[in-house]
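Below, each chain spelled out in residue letters.
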Amino acid sequence: IKPVYLDLMGQNRMLISGESASQSTTALKAMAQLLLSREDNHVWILDGDGALARELGDHPNLFYAGGADGLNSAVKELYDQLSQRDEALKDLEDLTDTVDTEAFARQYPQICILINQMHQVMEQLPEEQAKNLVLLCAASGSLGAIVLGAAKAADIGRYMCAENLT
């Protein structure tokens, strides 16, 4: 067993990659359980095949999205939430010369977005929401969000979302 060091405060996005049966869903499940142990985390599971949600069960701060309609709604909601934070951050930046983005982000619950079976998620999203998911992956840090994704190694180059997590 090889230990892995993850600094979710320092690096707010990460991609777990491997071939089929590489246990990436198991790794995301462990991360979700860890993140759910803190009351101030809101964990969003975008699940291409439903495996992760079935294993996690119910939790008051767990939001699950699967299937085309559920994924579409979840990405729209996440994009709206982070857009509101982005507008508030820009307003704050207009008022002062220096902004402590970490202090700003701590004013909100941390949003933790876990994307399981990324290729299936991206294929089920309409083009606009797929683009929004790419933007979420790229802009998450200063807005109090972390994004963890699982994808097959062959899919990394196919989806900009995966590239934004590396």
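Residues numbered from 1 in each chain as written. Predicted model: local features only at pLDDT ≥ 70, side-chain atom pairs only at ≥ 80, totals over all residues. Heavy atoms only, no water.

Notes on the sheet that holds strand S3 (residues 62-66)
Strands pair in a sheet through their backbones, by hydrogen bonds, and they do so in one of two ways: parallel or antiparallel. The five strands lie next to each other as S1-S5-S4-S2-S3, forming an open sheet whose pairing is parallel. Of all the strands in the sheet, the pair left with one neighbour each is strand S1 (13-18) and S3. Pairwise comparison of adjacent strand axes, ignoring direction, gives a mean angle of 15° for this sheet. Taken together, the seven bridges between strand S2 (residues 41-47) and strand S4 (residues 110-116) define a ladder with parallel strand orientation. Bridged to Val-43 within S4 is Cys-112. (Pairing = 2+ DSSP bridges. Helix = DSSP H or I, 4+ residues; strand = E, 2+ residues; numbered from the N terminus. Axes fitted to C-alpha atoms, helices over the stretch in contact; angles between N-to-C directions.)

Here's the deal with helix H1 (residues 24-36)
Under the 1.5 Å per step criterion, the end-to-end length of H1 is 18 Å for 13 residues, consistent within 8% with the ideal 18 Å. By the burial criterion, the buried members of H1 are Ser-24, Thr-25, Leu-28, Met-31, Ala-32, Leu-35 and Leu-36. Viewed along the axis of H1, the buried residues span an arc of 130°, placing them on a single side of the element. Against the buried residues of H1 lie S1, S2, helix H2 (51-56), S3, S4 and strand S5 (145-152). (Expected span 1.5 Å × (residues − 1). Buried < 20%, exposed > 50% of the residue type's maximum accessible area, 1.4 Å probe, protein only. Arc of directions from axis to C-beta. Contact = heavy atoms within 4.5 Å.)

Concerning the packing of aromatic side chains
Taken as a whole and judged by the stated rule, the model has two aromatic pairs. Ring centres of Trp-44 and Phe-63 lie 4.9 Å apart, and the angle between their planes is 25°; this geometry places the pair in the stacked category. A residue pair is termed long-range when its members are at least 10 positions apart, and Trp-44 in strand S2 and Phe-63 in strand S3 qualify at 19 residues. Judged by relative accessible area, which is 10%, Trp-44 ranks as buried. (Phe/Tyr/Trp six-rings, centres within 6.5 Å; stacked < 30°, edge-to-face > 60°.)

Details of the pattern of salt bridges
Enumeration according to the criterion identifies five salt bridges in this entry. A salt bridge links Lys-76 to Asp-80, with the nearest nitrogen and oxygen atoms 3.1 Å apart. Of this pair, Lys-76 and Asp-80 both sit in helix H3 (residues 67-95), four residues apart, which is roughly one turn of the helix. Where Lys-131 meets Glu-127, a salt bridge forms, and the shortest distance between an N and an O atom there is 3.3 Å. Placement of both Lys-131 and Glu-127 in helix H6 (residues 127-139) is noted, with a separation of four residues, approximately one turn of the helix. Glu-127 carries the same exposure label as Lys-131, and that label is exposed. (Salt bridge = Lys/Arg side-chain N within 4 Å of Asp/Glu carboxyl O.)

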